[in-house]
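Residue-level listing of the chains:
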Amino acid sequence: MGSGGLLWVLSLFLKRKRAVLPLALAASALVGLAHSRLPETYSCLFEVHFTGSNLPGRLGETAAYFGVQADTDIETQVQVVQSRQVALRAVDRLPFVSAQASPERRSRIADEVAAGVEATPSSSPQTLTVRVRWGQPEECLDVAKAVLDAYGGQEAAARQERDRETQERLEKHQERLDQTIQEAQDLGIASAKIETRKQQVAEMASRQAAIDREIETYLARLRDDRAAMAATYAADWPGLAELDARIAALERLVHASSTEELDAASKVAPASPLAAVPSKELDALVQRRRKQLAIEGDIARVRDEQRASEAELTAKLGPDRTLRDVDRERERANAQAEEVQATLKNIRDSLEQGAAPFETTRPPALPLRPDSPTLLQLSSIGLVAFLVVA
């Protein structure tokens, strides 16, 4: 309707105001009478701030796996606090509702409680503002306290149940982390043993090489003596043949492949080429070779153990996994195990102490005056005022 239409209605009303005015006054009187018969309602406000979960916050990407969120879902809590279940719990806490009240009466009061509860997210993070409307100020305060108590009890029970489920999942995850850490430690120990055996082989080979040099030094001296004699005496001199036989016997001795062969080679008969070797030198040479044979046996044994350990380690690692990968897995498992242990401690403490799921930052207070007039009431008053002025 344009401005012309509004002017037409206004001119029509002014022309017929003698007929319309009594009707308007009668209508406003009826509206006022209806308003006077409506019961007054009072409002109680309270605010709660959620304390969040028991996770320390560093678990990050695994938090969803554990079923725990770092922050409380405010929209879900709005539905919970306005739910009929909370209202039914609140009725049990109302002092003006007798314990002998019939189920029908309790159900009717629960419906009235639920209809009067309005929850909205506050401007402060993780905070919920709850308005409870009721007919009497004292009862309104009782209803607000009962709703707060019922809601807190229900959420505390739900939090404890979630904490127990989270605790169970975390404990199972802790077992898996412990297995990962233990496996990494076992693989690390196996790798360290392999490296130790390699060092043992290197050390034994070094000792064996030192004995080889001592034996070779002794034989080299005999060969030098033989060369000096060959330069001095004729080739058919008997002493050269005896020295050659002695050197050959000593070489057989130092190259004996077993202790039995060494014992046989070191026997000195009257006609043996070794009879001319001083007994002290011969014994020293035999002892050196005996040490060499023992070292060779130790080297063979340690190398067999090394190969077996390497094969076992390779089988445990798999085709695409290295010891560096295992180290990284162990570091991650150790870091996460510390966080899981801290979380489990928080959860156990929370369950033991019965920690509240939220803090009441603004407790309910006794309302001093009824709620403001509704939009319908304000419109009626405005209409009456307009008619009177007209």
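Residues numbered from 1 in each chain as written. Predicted model: local features only at pLDDT ≥ 70, side-chain atom pairs only at ≥ 80, totals over all residues. Heavy atoms only, no water.

**Here we look at the overall build of the chain**
- Across its full length, the chain holds twelve helices and four strands.
- Here the chain holds 390 residues, and 33% of them are scored as buried.
- Once local pairs closer than 6 in sequence are excluded, the contacts in the chain between residues at least 24 apart make up 78%.
- Only carbon and sulfur atoms are counted for the fraction: they give 54% of the accessible area of the chain, which is about 23900 Å². (Helix = DSSP H or I, 4+ residues; strand = E, 2+ residues; numbered from the N terminus. Buried < 20%, exposed > 50% of the residue type's maximum accessible area, 1.4 Å probe, protein only. Contact = heavy atoms within 4.5 Å. Areas by Shrake-Rupley, 256 points an atom, 1.4 Å probe, with all protein chains shown as cover.)

**Quick word on the packing of aromatic side chains**
- Scanning all chains against the criterion turns up four aromatic pairs.
- Look at F50 and F358: their rings are 5.9 Å apart centre to centre, the planes differ by 80 degrees, and that puts the pair in the edge-to-face class. Note that F50 is positioned in strand 1 (residues 42-50) and F358 in strand 4 (residues 358-362), a separation of 308 residues in sequence.
- You can call F358 buried: its relative accessible area is 9%.
- When the ring of Y151 is compared with that of F358, the centres are 5.3 Å apart and the planes differ by 15 degrees; the resulting orientation is stacked. Highlighted residues: Y151 in helix 7 (residues 137-232) and F358 in strand 4, separated in sequence by 207 residues.
- Look at Y151 and you get buried, because its relative accessible area is 0%. (Phe/Tyr/Trp six-rings, centres within 6.5 Å; stacked < 30°, edge-to-face > 60°.)

**Observations regarding the side chain of Q167**
- Tracing the chain through its elements places Q167 in helix 7.
- On the accessibility criterion, Q167 (16% relative accessible area) is buried.

**Here we look at helix 6 (residues 103-116)**
- Between the first and last C-alpha of helix 6 there are 20 Å, a value that for 14 residues agrees with the 20 Å anticipated at 1.5 Å per step.
- Among the residues of helix 6, R106, I109, A110, V113 and G116 are the ones counted as buried. Viewed end-on, helix 6 has its buried residues packed into an arc of 130 degrees, placing them on one side of the element. Facing away from the buried side of helix 6, by more than 90 degrees, are the exposed residues E104 and A115.
- Buried residues along helix 6 sit in contact with helix 5 (84-91), strand 2 (117-121), strand 3 (127-134) and helix 7. (Expected span 1.5 Å × (residues − 1). Arc of directions from axis to C-beta.)

**What to know about the nonpolar core**
- Core analysis: the largest hydrophobic core is formed by 35 residues, its most contacted members being F46, V48, V113, L128, V130, V147 and Y151.
- Among the secondary structure elements, those contributing two or more residues to this core are strand 1, helix 4 (74-81), helix 5, helix 6, strand 2, strand 3 and helix 7.
- Here the element with the most residues in this core is helix 7; it accounts for nine residues.
- Excluding anything up to four places from it in sequence, V147 contacts F46, V81, V86, A90, V113 and V117.
- Among the nonpolar cores identified, the runner-up in size contains 24 residues, and I215, L219, L282 and V286 belong to it. (Core = buried A, V, L, I, M, F, W, Y, C linked by side-chain atoms within 4.5 Å.)

Shape is all these values report; function is a separate question.
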